[in-house]
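Next come the chains, spelled out residue by residue.
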Amino acid sequence: MSTEFALDLRLARRKAGYHQCDIAHLLNTPQSRISKLEHGRIMPSVTDIVTLSLLYGRSFESLFRQVMQEARTGLRQRLRSLPKTARDCVATRNRDHSLERLGRRLEEEPEDHGGA
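Residues numbered from 1 in each chain as written. Predicted model: local features only at pLDDT ≥ 70, side-chain atom pairs only at ≥ 80, totals over all residues. Heavy atoms only, no water.

(A) Broad picture of the packing of aromatic side chains. One pass over the structure, following the stated rule, counts one aromatic pair. Seen in terms of ring centroids, Tyr-18 and Tyr-56 are 6.3 Å apart; in terms of plane orientation they differ by 45°. Their pairing is tilted. Residue Tyr-18 is found in the loop between helix H1 (3–16) and helix H2 (20–27), and its partner Tyr-56 is found in helix H4 (residues 46–56); the two are separated by 38 residues along the sequence. (Phe/Tyr/Trp six-rings, centres within 6.5 Å; stacked < 30°, edge-to-face > 60°. Helix = DSSP H or I, 4+ residues; strand = E, 2+ residues; numbered from the N terminus.)

In structure tokens form, the structure reads like this:
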């Protein structure tokens, strides 16, 4: 996991005035897990992400900006090398259109949906 991401989690917690033990209690997890999250040793679960966004009053995109950027970059690279299909069928007739839309979304700058 990105060091920048881990530092952002720690900074968000400190700006909010919480202790690690507060976050651990609110996430119903051991404090050692919060430490691991903030040091980049483990990734948060989807439930953790949603709860942390609520706790810090920040959108997912704002709180996890670095992770989102890494995902966008990787997805853009894999999209360029996606193999062409041998044949089209009813179930995949929207594939080309969906891939074009995905490419456009990945090229757009993400909006900031709220910061702390």
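(B) Spotlight on the environment of Ser-53. Looking at the secondary structure, you find Ser-53 in helix H4. Separated by 41 residues in sequence, Ser-53 and Ala-12 place their C-alpha atoms 9.8 Å apart. Once you skip the residues sitting within four places of it in the chain, Ser-53 turns out to touch Arg-58, Ser-59, Phe-60, Leu-63 and Phe-64. (Contact = heavy atoms within 4.5 Å.)

(C) Representation of a nonpolar patch on the surface within the structure. Together, Val-46, Val-50 and Leu-54 give the surface a local cluster of nonpolar side chains, amounting to about 330 Å² of exposed area. Relative to the helices and strands, Val-50 resides in helix H4. (Patch = residues over 30% accessible without salt bridge, like charges linked within 9 Å, V, L, I, M, F, W, Y side chains within 5 Å. Areas by Shrake-Rupley, 256 points an atom, 1.4 Å probe, with all protein chains shown as cover. Salt bridge = Lys/Arg side-chain N within 4 Å of Asp/Glu carboxyl O.)

(D) Looking closely at unusual backbone geometry. The phi angle at Asn-28 is positive, at roughly 55°, despite the residue not being glycine. Along the polypeptide, Asn-28 turns up in the loop between H2 and helix H3 (31–38). Relative accessible area serves as the criterion here: at 72%, Asn-28 is assigned to the exposed category. (Buried < 20%, exposed > 50% of the residue type's maximum accessible area, 1.4 Å probe, protein only.)

(E) Local environment of the pattern of salt bridges. Taken as a whole and assessed by the stated rule, the structure comprises three salt bridges. When the shortest N-O distance is used, the salt bridge between Arg-58 and Asp-8 registers 3.6 Å. Here Asp-8 lies in helix H1 and Arg-58 lies in the loop between H4 and helix H5 (60–63), a separation of 50 residues in the sequence. For the residue pair Arg-58 and Asp-8, the accessibility class agrees, reading buried in each case. Its salt-bridge partner being Arg-13, residue Glu-38 comes within 2.5 Å of it at the nearest N-O pair. Of the two residues, Glu-38 sits in helix H3 while Arg-13 sits in helix H1, which places them 25 residues apart along the sequence. There is no split in this pair, since Glu-38 and Arg-13 are both buried.

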